[in-house]
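Chain residues, written in single-letter form:
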Amino acid sequence: MERFQKLILLPLILTTLLPGLGFCYSIINGPTNATVLAGSEARFNCTVSVGWVILIWLSNGNPVLTVLSSQGAVETSDRFTSQNYTSSNGFTSELIIHNTQLSDSGKIECSTQQPSESRFAFLSVQVNGSLFIKNSTLTIKENETVEIVCEALGWAPAPDITWMTNDSFIDKSRYVTQQSQGSNGLHNALSILTLTPMDTEILTCLADIEALPNPQNATVTVIFLNSTIENYYSEDSRSTWVIVLAVVLSLVGIILLIIIIAVVVRCCCLKKKGSTYQNEIRKVSAEKKKNGDSENRQRHGSENQGYIPEERWNTEQSPRITSLPPMSSKFTVPTADLHTSSVPKVRPQRRTDYLINPKKIRNVTLV
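The rules we used
- Residue numbers run consecutively from 1 along every chain, following the written order of its sequence.
- Reporting of local features is limited, given that this is a predicted model, to residues whose pLDDT is at least 70; pairs of side-chain atoms are given and counted only at 80 or more, and all residues count toward the totals for whole chains, interfaces and linings.
- By convention in this description, side-chain values take in all heavy atoms of the structure and omit both hydrogens and water.
- Comment: elements are numbered from the N terminus, with helices defined as DSSP H or I runs of at least four residues and strands as E runs of at least two.
- Contacts: residue pairs with any heavy atoms within 4.5 Å of one another.
- Here the Shrake-Rupley method, with its probe set to 1.4 Å, supplies the accessible areas, and only the displayed protein chains count as covering residues.
- Whenever a nitrogen or oxygen atom comes within 3.5 Å of another N or O atom, the pair is scored as a polar contact, on the condition that within protein one atom can donate a hydrogen and the other can accept it, and that pairs from neighbouring residues in sequence are kept only if both atoms are in side chains.
- Three labels apply to residues, based on accessible area from a 1.4 Å probe with only protein chains included: buried if under 20% of the type maximum, exposed if over 50%, partly exposed otherwise in between.
- UniProt positions are given in the numbering used here, feature names are shortened, and annotations may be inferred rather than shown by experiment.
- Two strands pair under a simple rule: DSSP has to find at least two bridges between them.
- An axis is simply a line fitted to the C-alpha atoms; with a helix, the fit covers only the stretch in contact. Between two such axes, the angle follows the N-to-C directions and lies from 0 to 180 degrees.
- Stacked, edge-to-face and tilted are the three classes for Phe, Tyr and Trp ring pairs, Trp counted by its six-membered ring, which pair at centre distances within 6.5 Å; planes under 30 degrees apart are stacked, over 60 edge-to-face, the rest tilted.
- Placement of a positive charge over a ring is assigned whenever Lys NZ or Arg CZ falls within 6 Å of the ring centre and within 35 degrees of the normal to the ring plane.

- As recorded by an unreviewed UniProt entry, the protein chain carries the name Immunoglobulin superfamily member 5 and is attributed to Falco tinnunculus.

Structure representation (structure tokens):
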């Protein structure tokens, strides 16, 4: 702050002292007007004659840079810098304003603190906004009138809007442009073009301001359809839909077929797996039963399938024995027959005839 105060007081002191000391120098060439886009640089030159002592740059009446012959440039802000050039004719100071803003627009002054020795120019900072047409393609039927809207937003100053068709400018009577004030000192514009096309056209909306090297543009293609072309497009569209539908149905059928095959294979695998599991269970059950029977045989003995109890056999065979006549209580034996016979007794043979359908009897013999 003290530095800035000294910078302002110094020109006032020099203004009082220099005329009395007899210094006399003048501005040879002053700055010229400049128009730039916001965010860019602005440059101004001021040339003074030999013998100069001080040169001050002011923006809208506020000192922004001071140059002393003995010390050079005294810069107080990064946005305001200078470059100096010395020649045999005098000294040139170039003021550079970085990152220009809309508020920088106004009077730029170069002063040597001499009476009537100041030159000035004007700086115009402009803002390049946006430009667009809502529809990039329009389809128009025969004898149909259409309105095409071009909108420009956030410009400073308001842009000049024109229209072109197929590289030729359209008469201004065919479109209407309205301008409105936006926010932050910016401007908006709306241009409406009315036409009845007879053929396919390419329309271009142009927005221009002084700082732009080339106008900004937005383009729309208007496709003109007569009855023949419309029918063609209708038939073509119908054919396209048929083809698309056929392809979609084919894909759906293939997908369904794959799903069905997958389900069938899955069911077969599960069934096979279940059958194998049941067989294994049966095998295990049979083995357990077999092992259990073997253990029972080892514990209780084996069963003799061909054994028949004698008592039962005699009971069954007894009906077949022919009844004998009653024996007398007295009988005589010849004496000759009383001798002991050496002939061995012959055991009566066991009858081997059996019943036609004998009953099968199972008995268990413990071994």
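Don't stop here, the text continues.
**Here we look at the overall build of the protein chain**
Logical step 1: Within the protein chain, the secondary structure is distributed over three helices and 21 strands.
Logical step 2: Across the protein chain, contacts joining residues at least 24 apart in sequence account for 62% of those joining residues at least 6 apart.
Logical step 3: With the model as given, the accessible surface of the protein chain reaches about 26,000 Å², and the carbon-plus-sulfur share is 56%.

**What about the environment of arginine 43?**
Logical step 1: Structurally, arginine 43 can be placed in strand β3 (residues 42-49).
Logical step 2: Excluding its chain neighbours within four sequence positions, the residues that come into contact with arginine 43 are Gln83, Glu94, Leu95 and Ile96.
Logical step 3: At 3.3 Å, the side chain of arginine 43 forms a polar contact with the side chain of glutamate 41.

**With respect to the side chain of threonine 204**
Logical step 1: On the secondary structure map, threonine 204 appears in strand β18 (residues 201-208).
Logical step 2: When residues no more than four places from it in sequence are discounted, the contact partners of threonine 204 are Thr162, Trp163, Met164, Asn217, Ala218 and Thr219.

**Considering the environment of serine 168**
Logical step 1: For serine 168, the position within the fold is in strand β15 (residues 168-169).
Logical step 2: Residue class for serine 168 comes out partly exposed when judged on its relative accessible area of 39%.
Logical step 3: Counting along the chain gives 36 residues from serine 168 to threonine 204, while the straight-line C-alpha distance between them is 9.5 Å.

**Things to note about the UniProt feature "transmembrane region" (unreviewed entry) in the protein chain**
Logical step 1: Mapped onto this numbering, the UniProt entry annotates "transmembrane region" (unreviewed entry) at residues 241-265.
Logical step 2: Helix makes up 100% of residues 241-265 and strand 0%. Its end C-alpha atoms lie 36 Å apart.

**Quick notes on the sheet that holds strand β6 (residues 72-75)**
Logical step 1: Taken in spatial order, the six strands make up an open sheet running β2-β10-β9-β4-β5-β6, and their pairing is mixed. Strands at the two margins of the open sheet, each flanked by one partner only, are β2 (34-37) and β6. Ignoring which end each strand starts from, the neighbouring axes of this sheet average 25 degrees apart.

**Some details on unusual backbone geometry**
Logical step 1: In this structure, proline 157 follows alanine 156 across a cis peptide bond, with omega equal to -10 degrees.
Logical step 2: By secondary structure assignment, the location of proline 157 is in the loop between β13 (146-155) and β14 (160-165).
Logical step 3: In this model, asparagine 99 sits at a positive phi of 50 degrees, which is unusual for a non-glycine residue.
Logical step 4: Structurally, asparagine 99 is set in the loop between β8 (90-97) and β9 (106-114).
Logical step 5: Note on asparagine 99: relative accessible area 45%, which makes it partly exposed.
Logical step 6: For asparagine 143, which is not glycine, the phi torsion reads 65 degrees and is therefore positive.
Logical step 7: One can find asparagine 143 in the loop between β12 (137-141) and β13.

**A word on the sheet that holds β14**
Each strand in a sheet pairs with its neighbour through backbone hydrogen bonds, running either in the same direction (parallel) or in the opposite one (antiparallel).
Logical step 1: What the five strands build is an open sheet, ordered β12-β19-β18-β14-β15; its pairing is mixed. A single partner strand is all that each edge strand has here, and the edge strands are β12 and β15.
Logical step 2: With six bridges joining them, β14 and β18 adopt antiparallel strand pairing. Of the residues in β18, the one forming a bridge with isoleucine 161 is alanine 207.

**A short note on the packing of aromatic side chains**
Logical step 1: All chains considered together, the criterion is met by two aromatic pairs.
Logical step 2: Residues tryptophan 52 and phenylalanine 91 carry aromatic rings whose centres are separated by 4.4 Å and whose planes lie at 20 degrees to one another, so their mutual orientation is stacked. Pair noted here: tryptophan 52 is in the loop between β3 and β4 (54-59) and phenylalanine 91 is in strand β8, with a separation of 39 residues, a long-range link. Taken as a pair, tryptophan 52 and phenylalanine 91 share a single burial class, namely buried.
Logical step 3: Look at phenylalanine 120 and phenylalanine 122: their rings are 5.9 Å apart centre to centre, the planes differ by 85 degrees, and that puts the pair in the edge-to-face class.
Logical step 4: Classification of phenylalanine 120 by relative accessible area gives partly exposed; the value is 44%.
Logical step 5: A relative accessible area of 45% means that phenylalanine 122 is categorised as partly exposed.
Logical step 6: The residue whose ring lies beneath lysine 107 is phenylalanine 120, and the NZ or CZ to ring-centre distance is 4.3 Å.

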